[in-house]
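Structure assessment
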Amino acid sequence: MAKFEKANSVGEWLDQRLNLTTFNKVMMTEYWIPKDINFLWAMGVLLATTFGILIISGIFLMMYYKPDINLAFDSVNYTIMQEVAFGWLFRHMHGVAASVVFLIIYIHMFTGIYYGSYKQGREMIWISGMLLFMTFSAAGFSGYMLPWGQMSYWAAMVITNLFGGVPVIGDALVVWIRGDFNVADATLTRFFMLHVFLLPITIMGIIGVHFYTLRIPHVNNQSSEEFDFDEEAEKYLAGNKKESKVIPFWPVFISKDLAVLGVFLIFYFYLVFFHYNFAMDPVNFDPADNMVTPAHIYPEWYFLWSYEVLRGFFFDIAGFKAFDIGLIAFAFANGIFLVLPWLDRDPKILPAHKRPAFFIWFWILMVDLIVLTVYGKLPPTGTNAWVGFFAAVAFIVLFVVLPIVTKIDAKKRGSL
């Protein structure tokens, strides 16, 4: 057993038992961040803050929400919105944060792609980040069902039906997920448990893993320059801060993060008070009715691109049913980002503007995702259906040719 001496303060008493001084050095004052970064590197703090808002507002909403198909709609639209003091505020905060958190995730994700922050030792950073994206997606979908409005019900019906395409066990899997043959009370209570308990705990765990993976290979920078962090840290600690290429996480880097966070919170609360409707579908203000199908079923904006890939294949091809092709394309779209570090065959870590072919590939991908998102909310008829089809095919082709594109850049530089 370690020898403990009489502490002269509460801080010293805690330090003897928890080794807070070393923890503070490892995680804060001697956790080194490159100087060559911009505001896009603050997305992690914005994500953690927005997740905190979701948790706190969700706790208040959970006090009055009833996970019962006969009570859920009224508990949200009447009890919370009209009877509970400031209930409307917490619902608006939760709904807006649920949308904004995906905006932050997408910015964070495509910043990583642009700067090549998923290669050469940073693969686990990328994989843990993608697992976070998938878990947040599950939380977003499960939360979308809870108000038990028309779009909640029918979106749940469509998404759970997708599991019916799994070979052999598909039909049984759909019944197991729903807890019933149709989307019903058992489905609502299961999704409620997922949304308020299992998924938040999972997200917290993956966030911890994500931060841990960042600690080993360190954060990337704008020029993707590789340097000796220990050597640069010694310069900083020796007082040569100007020549050192790193800064400590606390208090220097976090102060920059907090400045970006301040601007973000102004934008966030502007949406909460003045434009919260963008996060709430008008169709969802009608109670769920399994006898009345909405004219057009679609998910929230942050799922539209993958939804359009799913429904983009609206006709049979070479004997394969349209549903099966769409399901395979949907699985491809949602899983391909996980293996991105191995699809990029360029041995160098460089930002996209220093890789000409990849630069073109990146911006074509951005345009294609925007097209998929826009057309994902439009009725899949006539020209809309064909635009969706070609955009879905383009998305798949882009990732199929990525190894070739990245090799072209490497050969031009003489790296291969």
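Residues numbered from 1 in each chain as written. Predicted model: local features only at pLDDT ≥ 70, side-chain atom pairs only at ≥ 80, totals over all residues. Heavy atoms only, no water.

**So, the pattern of salt bridges**
Side-chain pairs of opposite charge can arise whenever the charged atoms involved come near each other. As enumerated under the stated definition, the model contains eight salt bridges in all. Linking Glu 232 and Lys 235 is a salt bridge whose minimum nitrogen-to-oxygen distance equals 3.4 Å. In this pair, Glu 232 and Lys 235 both sit in helix H10 (residues 229-237), three residues apart, roughly one turn of the helix. Three or more residues are tied together by salt bridges with common partners; here these are Lys 119, Asp 344, Asp 346, Arg 355 and Arg 413. (Salt bridge = Lys/Arg side-chain N within 4 Å of Asp/Glu carboxyl O. Helix = DSSP H or I, 4+ residues; strand = E, 2+ residues; numbered from the N terminus.)

**So, the environment of His 210**
Tracing the chain through its elements places His 210 in helix H9 (residues 185-215). Judged by its relative accessible area of 12%, His 210 is buried. Linking His 210 and Lys 242, residues 32 residues apart in sequence, is a C-alpha distance of 30 Å. Those residues in contact with His 210 that lie beyond four places of it in its chain are His 108, Ile 125, Ser 128, Gly 129 and Leu 132. A polar atom in the side chain of His 210 sits 2.8 Å from the side chain of Ser 128. (Buried < 20%, exposed > 50% of the residue type's maximum accessible area, 1.4 Å probe, protein only. Contact = heavy atoms within 4.5 Å. Polar contact = N/O pair within 3.5 Å; in protein donor to acceptor, adjacent residues only side chain to side chain.)

**Remarks on helix H17 (residues 402-413)**
Taking 1.5 Å per residue as the helical rise, H17 with its twelve residues ought to reach 16 Å, and the 17 Å between its terminal C-alpha atoms agrees with that figure. By the burial criterion, the buried members of H17 are Leu 402, Val 405, Thr 406, Asp 409 and Ala 410. Within H17, the buried residues cover an arc of 135 degrees as seen down the axis, which keeps them to one side. Residues of H17 that are exposed and point over 90 degrees away from its buried face: Ile 404, Lys 411 and Lys 412. (Expected span 1.5 Å × (residues − 1). Arc of directions from axis to C-beta.)

**A word on a nonpolar patch on the surface**
Together, Ile 56, Ile 59, Phe 60, Met 62, Met 63, Tyr 64, Met 193, Val 196, Phe 197, Leu 198 and Ile 201 make up an exposed nonpolar region whose accessible area comes to about 990 Å². For the nonpolar patch, the elements supplying multiple residues, two or more each, are helix H3 (43-62) and H9. For the nonpolar patch, the element with the highest residue contribution is H9, accounting for five residues. Mapped onto the elements, Ile 56 comes out in helix H3. (Patch = residues over 30% accessible without salt bridge, like charges linked within 9 Å, V, L, I, M, F, W, Y side chains within 5 Å. Areas by Shrake-Rupley, 256 points an atom, 1.4 Å probe, with all protein chains shown as cover.)

**What to know about the packing of helix H5 (residues 87-114) against helix H11 (residues 249-274)**
With their axes 9 Å apart at the nearest point, H5 and H11 run at an angle of 130 degrees to one another. With respect to H11, the element H5 is oriented oblique. Where H5 crosses over H11, the handedness of that crossing is right-handed. The residues of H11 that touch H5, namely those facing Trp 88, Leu 89, His 92, Met 93, Val 96, Ala 97, Val 100 and Ile 104, are Phe 264, Tyr 268, Phe 269, Leu 271, Val 272 and Phe 273. (Axes fitted to C-alpha atoms, helices over the stretch in contact; angles between N-to-C directions. Parallel < 35°, antiparallel > 145°, perpendicular 65-115°, else oblique. Left-handed = near helix turned anticlockwise from the far one by under 90°.)

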